[in-house]
Amino acid sequence: MTDPTEVIDTSMESTATDGQNIAAADIRSSEIGDAFSLVADLAAAFSSTLDIQTTLEKGLERIVDFLQAEAGSLWLLDEDENLVICEASVGGESSINGVSLPRGEGIVGHCIEEDECKVVLDVSKDPDFTQKVDEDSSFITRSILCAPMEISGQPIGAVQVLNHKSEDRCFKSDDIHLLQMLASSAALAISNMRMASALADAETVKRELALAAEIQRDLLPTPLTDDFPVMGINIPARTVSGDLYGFLINHLGQIAFCIGDVSGKGINASLLMAKTLSLFHCLAKYMDRPADLLKMLNDEIAESVSRGMFVTMVAGIYDPETGRVCLSNAGHEPPLLRLAEGRYAMLNAGAMPLGILPKMDFQEMEFYLPDSSLYLVTDGVTEAKDESGEELELKGLQKIIDANISDKFTDTLRAITADISKLELRDDLTLLGVDFPDRELTRKGRVLLDLKVMAEPENLKFIRQAVEQTLLRENMVSELVATDIVLAVDEACQNIIRHGYGDDHKGSLVLEMELLDESTPTLSILLRDEAPRMDPEIIAQHLEKRSLDEVAPGGLGLHIIHQVMDICKHLEDECGEKFGNAFQMLKALEAVK
Amino acid sequence: MDSEIKEENGNVVIYLKGDIDLEKSPLVRKLLLENIKDKPVVISLEEVDYIDSSGVASFVEALQTCKGKNLGFAMVSLSPKVKRVLEVARLDKVFPIYDGVADVPA
């Protein structure tokens, strides 16, 4: 801050040319004592309340009184609006609270900008004086004493007193020292009050966040029965979470479930989480196709959500009656399916997240794979870091799952979560598990495996894993024969993808594996597609067994199918008129040792 | 496709990892053809659990390319499943197959 003595000297010089005099310094010790007690009183008054307006008015009143001025006002700088606004005023016929001046205008404006005290003994002779305030308040200003206020070197405003009550209406030189001291005291009080108010605001926000977190926790469902096959766990990184999971029983008695992750963290993500989960609960009660549900959610979110935010989600339906599962994935981490004997199938990610583009279509995959369980996680799990700073990823998650398998599915999930919680987490952690228990069925004439996926190369691995798991868990064939059958199925699926659909078409691939009720136990694998109907003559040529010497390039797959399977046939009756083929492969199991 | 390429005893040894199926075989084909230059090629399949006809086809192409350039070609460290696929395809006699990299004759 500028040395006030220097300022008053300058002022005296400038005013001396006007032939006016400022009263000589005449400080009596009693006055100094009074001044110090006023500063102490003011400090006490300022610290006793958080009502900034009342405090400033009262403080200002005492300053005006002490300096024997007719009126006074306290001005604060509004950096955003570039204005200087009167926050408190005393004396004068009407209050000038709320009156504003453009920054840098008037005596008060100059005082703040130049960070120095201003003494004006005759305002009529000062070009900086603005009439505006006098006009607003019907007050006639003659002399002004103005001192700047600052916090940590930053200007925040000024205090000014007007018209000394003495006959000459002039302020004394000590008055400027006093006003400066009082202005500092007021500045400190304002600073304290601002900090206190910010703290109070933060406290309010914290309380409200805690309430929001409580409501958010209540949105997440808990298992409906002790042996309910679906369970979810969510541990937020902050108070509120952008992760979600949900499950419920739909109108058909099936279990609908979902997991999702809203982009970003914090309150905006948690609001979108609440919206997404509420919509899911509403829609999933009556919709039995996860892909349709995601389509509706996507349109709604894309329409209403602020730009740049999106939600990744997996929605699914599990029918405990039939054991069938249907999944659809909108850009979420690939679901992890734990097959019998602890092997895993990673189900691919599918379409883009919800909320990016409206009118999108989502793909579905369906399967019947008893004795397996599905693990759905958010990236808070896969990106959790171990002691060496390595990310867990899906591979690490598999190890944690394997280490925690127990008889009760809910115990397994709790133990997995406890292990993940020990890692360094940087994001919300959410885990949803769905258990597909083993099923007892009659031995013959039954469906062993039933799945439906998009006919894409990235789904072949899942098909192979599903076929292999089914053959091995049924103990129908040796491991070697299982390898052969898996290969034949893979080759048949490849043909559908490469030659059936080709580059111009897209569609689904359905696989049904059955044990036929015949004199010789026979494995039937039926593949259905939605590709253009094949020409029967070409099929006949292809299905004819040929020696390897005759195999044309690219015909290796058919050769392998014939090597492994006993009978291959195109089921004419089950083909569509223009689209849709049905291809059946049969293998007598007794012949296999 | 995970892979590693090393030069060992004057051979280019290509270590492949993961399943080589319709999804991955285009990448494998590209990788093999790019690395057939002027040295014999050895493909290590120790970390490959599965190949299908499209994977086999890329090996056939690599074998033919090597023969065309008069370079040696060998496959090593085949898992029982991979061996079985070559047997079913009746191509197990077509490829020079050895137990490990060290067994490939110079």
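Throughout this document, residue positions are counted from 1 along each chain, in the order its sequence is written. Labels are handed out in written order, letters beginning with A for the chains and numbers beginning with 1 for the ligands. Per-residue local features of the predicted model are confined to residues with pLDDT of at least 70, and side-chain atom pairs are confined, for both listing and counting, to 80 or more; whole-chain, interface and lining totals are unaffected and use all residues. Neither water nor hydrogens contribute to the side-chain values; these are computed over all heavy atoms in the structure.

So, about the pattern of salt bridges. The term salt bridge refers to a pairing of a side-chain nitrogen on Lys or Arg with a carboxyl oxygen on Asp or Glu at a separation within 4 Å. Inspection of every chain in the model, using the stated rule, returns 32 salt bridges over all chains. Taking the shortest distance from any N to any O, the salt bridge between Lys 461 of chain A and Asp 19 of chain B comes out at 3.2 Å. Placement of the pair is Lys 461 of chain A in helix 12 (residues 460-473) and Asp 19 of chain B in the loop between strand 2 (11-17) and helix 1 (25-34), with the two residues belonging to separate chains. Throughout, exposure labels follow a simple rule: accessible area from a 1.4 Å probe, protein chains only, divided by the maximum for the residue type, with under 20% read as buried, over 50% as exposed, and the rest as partly exposed. Among the residues examined, Lys 461 of chain A registers a relative accessible area of 36% and is labelled partly exposed. Several salt bridges share partner residues, and in doing so they unite Arg 289, Arg 324, Glu 364, Glu 366 and Asp 450 of chain A into one network. Comment: elements are numbered from the N terminus, with helices defined as DSSP H or I runs of at least four residues and strands as E runs of at least two.

With that settled, the discussion passes to helix 8 (residues 290-304) of chain A. A helix is expected to span 1.5 Å multiplied by its residue count minus one. With 15 residues, helix 8 of chain A ought to run about 21 Å at 1.5 Å a step, and its terminal C-alpha atoms sit 21 Å apart, in line with that. For helix 8 of chain A, the complete set of buried residues consists of Pro 290, Ala 291, Leu 293, Leu 294, Leu 297, Asn 298, Asp 299 and Ile 301 of chain A.

Residue and element names in this part refer to chain A. Across the 10 residues of strand 21 (residues 579-588), 9 count as buried, placing the element largely inside the fold. Between any two strands, at least two bridges found by DSSP are needed for them to pair. By the bridge criterion, 9 bridges tie strand 19 (residues 522-532) to strand 21 in an arrangement that is antiparallel. The residue of strand 21 that forms the bridge with Leu 523 is Lys 587. Of the pairings in the sheet, the one linking strand 20 (residues 567-570) to strand 21 comprises 4 bridges and is antiparallel in character. Bridging across to strand 21, Lys 569 finds its partner in Gln 584.

This paragraph deals with the confidence of the model for chain A. Residue and element names in this part refer to chain A. Scored by pLDDT, chain A comes out at a mean of 84, with 90% of its residues at no less than 70. Across chain A, strand 10 (residues 311-318) holds the top mean pLDDT of 96, while helix 1 (residues 4-16) sits lowest at 39. Contacts of residues 1-28 to residues separated by more than four positions or lying in other chains number 39 contacts, the stretch itself having pLDDT below 50. The predictor attaches a confidence to each residue, and that confidence, scored 0 to 100, is pLDDT. In what follows, a contact means two residues having at least one pair of non-hydrogen atoms within 4.5 Å.

Every contact between the two is made by 23 residues of chain A and, on the other side, 17 residues of chain B. Buried area is calculated as the accessible area (1.4 Å probe) missing from two parts once they are joined, with the contributions of both summed. Here chain A packs against chain B, burying approximately 1800 Å² in sum over the two surfaces, 58% of which is carbon and sulfur. Interface area lost by chain A to chain B is led by Arg 464, Leu 487 and Leu 556 of chain A, which between them contribute 25%. In this assembly, chain A and chain B are joined by 5 salt bridges. For Asp 21 of chain B, the salt bridge goes to Arg 464 of chain A, with nearest N and O atoms at 2.9 Å. Distance and chemistry together define a polar contact, namely a pair of N or O atoms within 3.5 Å, with one atom able to donate a hydrogen and the other to accept it when in protein, and with adjacent residues in sequence counting only for side-chain atoms on both sides. Where chain A packs against chain B, one counts 9 residue pairs in polar contact (both at pLDDT 80 or more). In terms of residue count, the dominant contributor to the side of chain A that touches chain B is helix 13 (residues 479-501) of chain A (10 residues). Under the scheme applied, nonpolar residues are Ala, Val, Leu, Ile, Met, Phe, Trp, Tyr, Cys and Pro; charged residues are Asp, Glu, Lys and Arg; polar residues are all the others, including Gly. Here the residues of the side of chain A that touches chain B sort into 10 nonpolar, 5 polar and 8 charged.

Rolled over the atoms, a probe sized like a water molecule indicates the empty space that remains. Considering only enclosed or pocket space, the largest pocket measures out at about 1200 Å³ in volume. In terms of lining, the largest pocket is formed by 34 residues, of which the most central are Lys 461 and Gln 465 of chain A together with Gly 18, Asp 19 and Asp 49 of chain B. Contributing elements (two or more residues each) for the lining of the largest pocket: strand 13 (344-346), helix 10 (393-403), helix 12 and helix 13 of chain A. Tallying contributions element by element places helix 12 of chain A first for the lining of the largest pocket, with 5 residues. Think of a 1 Å grid over just the protein atoms. A cavity is a set of points where a 1.4 Å probe fits yet cannot get out, a pocket is an open set with protein on both sides within 12 Å along at least five of seven lines, and lining residues have an atom within 4 Å of a point. Grid points are joined across faces, edges and corners, and a volume is the space filled by probe spheres set on the points.

Residues and elements named next belong to chain A. Ordered by their spatial adjacency, 6 strands build an open sheet running 3-2-1-6-5-4, and the pairing between neighbours is antiparallel. At either margin of the open sheet sits one strand with a lone partner, and together these are strand 3 (100-102) and strand 4 (118-120). The mean angle between the axes of side-by-side strands here comes to 20°, regardless of whether they run parallel or antiparallel. In this sheet, strand 6 (residues 154-164) lies alongside strand 5 (residues 144-151) in antiparallel orientation, the contact comprising 8 bridges. Its bridge partner being in strand 6, Leu 145 is matched across the sheet by Val 161. Each of strand 1 (69-78), strand 4, strand 5 and strand 6 touches helix 6 (residues 173-219); the most contacted strand, strand 5, lies at about 35° to it. Axes, fitted as lines to C-alpha atoms, cover a helix only where it is in contact. Angles between the N-to-C directions of the axes lie from 0 to 180 degrees.

All names here are of chain A. Enumeration according to the criterion identifies 3 cavities of 30 Å³ or more in this entry. One number sums up the size of the largest cavity: a volume of about 250 Å³. Per-element accounting of the lining of the largest cavity gives the leading share, 4 residues, to strand 1. When the residues that make up the lining of the largest cavity are grouped by side-chain class, the tally is 12 nonpolar, 11 polar and 1 charged. Here the second largest cavity is characterised by a volume of approximately 170 Å³. Along its surface, the second largest cavity is lined by 13 residues, and Asn 329, Asn 348, Gln 363, Glu 364 and Met 365 are the ones closest to its centre. At 3 residues, strand 11 (residues 324-330) tops the list of elements feeding residues into the lining of the second largest cavity. Looking at the lining of the second largest cavity residue by residue, the class counts come to 6 nonpolar, 6 polar and 1 charged.

On to the side chain of Asp 21 of chain B, then. The residue Asp 21 of chain B is located in the loop between strand 2 and helix 1 in this model. With a relative accessible area of 2%, Asp 21 of chain B lands in the buried category. Only 2.9 Å separates the side chain of Asp 21 of chain B from the side chain of Arg 464 of chain A, close enough to count as a polar contact. With residues near it in sequence (within four places) discarded, Asp 21 of chain B still touches Pro 457, Leu 460, Lys 461 and Arg 464 of chain A together with Tyr 50, Asp 52 and Ser 54 of chain B.

With that settled, the discussion passes to a nonpolar patch on the surface. Residues with no salt bridge and a relative accessible area higher than 30% make up the patches, which join like charges within 9 Å and nonpolar side chains (Val, Leu, Ile, Met, Phe, Trp, Tyr) within 5 Å. Throughout, the Shrake-Rupley method with a 1.4 Å probe supplies accessible areas, and for residues the shown protein chains are the sole cover considered. A cluster of nonpolar side chains, Met 352, Ile 356 and Leu 357 of chain A, forms an exposed patch at the surface whose accessible area comes to about 230 Å². Structurally, Leu 357 of chain A is set in the loop between strand 13 and strand 14 (365-368).

With that settled, consider the pairing of strand 5 of chain A. All names here are of chain A. Strand 5 sits mainly inside the fold: 7 of its 8 residues count as buried. As paired elements, strand 4 and strand 5 share 3 bridges and run antiparallel to each other. Considered in strand 5, the bridge of Val 119 is made with Leu 145. Between strand 5 and strand 6, which pair antiparallel and follow one another directly, the connecting turn spans 2 residues, one of which, Ser 152, has a positive phi of 50°.

The subject of this paragraph is the sheet that holds strand 14 of chain A. Residues and elements named next belong to chain A. Pairing in this open sheet of 10 strands is antiparallel, and the strands run 8-9-10-11-14-17-18-19-21-20 from one edge to the other. The open sheet is flanked by strand 8 (243-249) and strand 20, the only strands paired with a single partner. Strand-to-strand, the axes of this sheet are offset by a mean angle of 15°, without reference to chain direction. Pairing of strand 10 with strand 11 involves 6 bridges; the strand directions are antiparallel. Paired with Ile 317 across the bridge in strand 11 is Cys 326. Contacting strand 8, strand 9 (255-262) and strand 10, helix 7 (residues 267-284) crosses the sheet at an angle of about 15° to strand 8. Sheet strands in contact with helix 13 are strand 18 (508-516), strand 19 and strand 21, and its direction is about 15° off that of strand 19.

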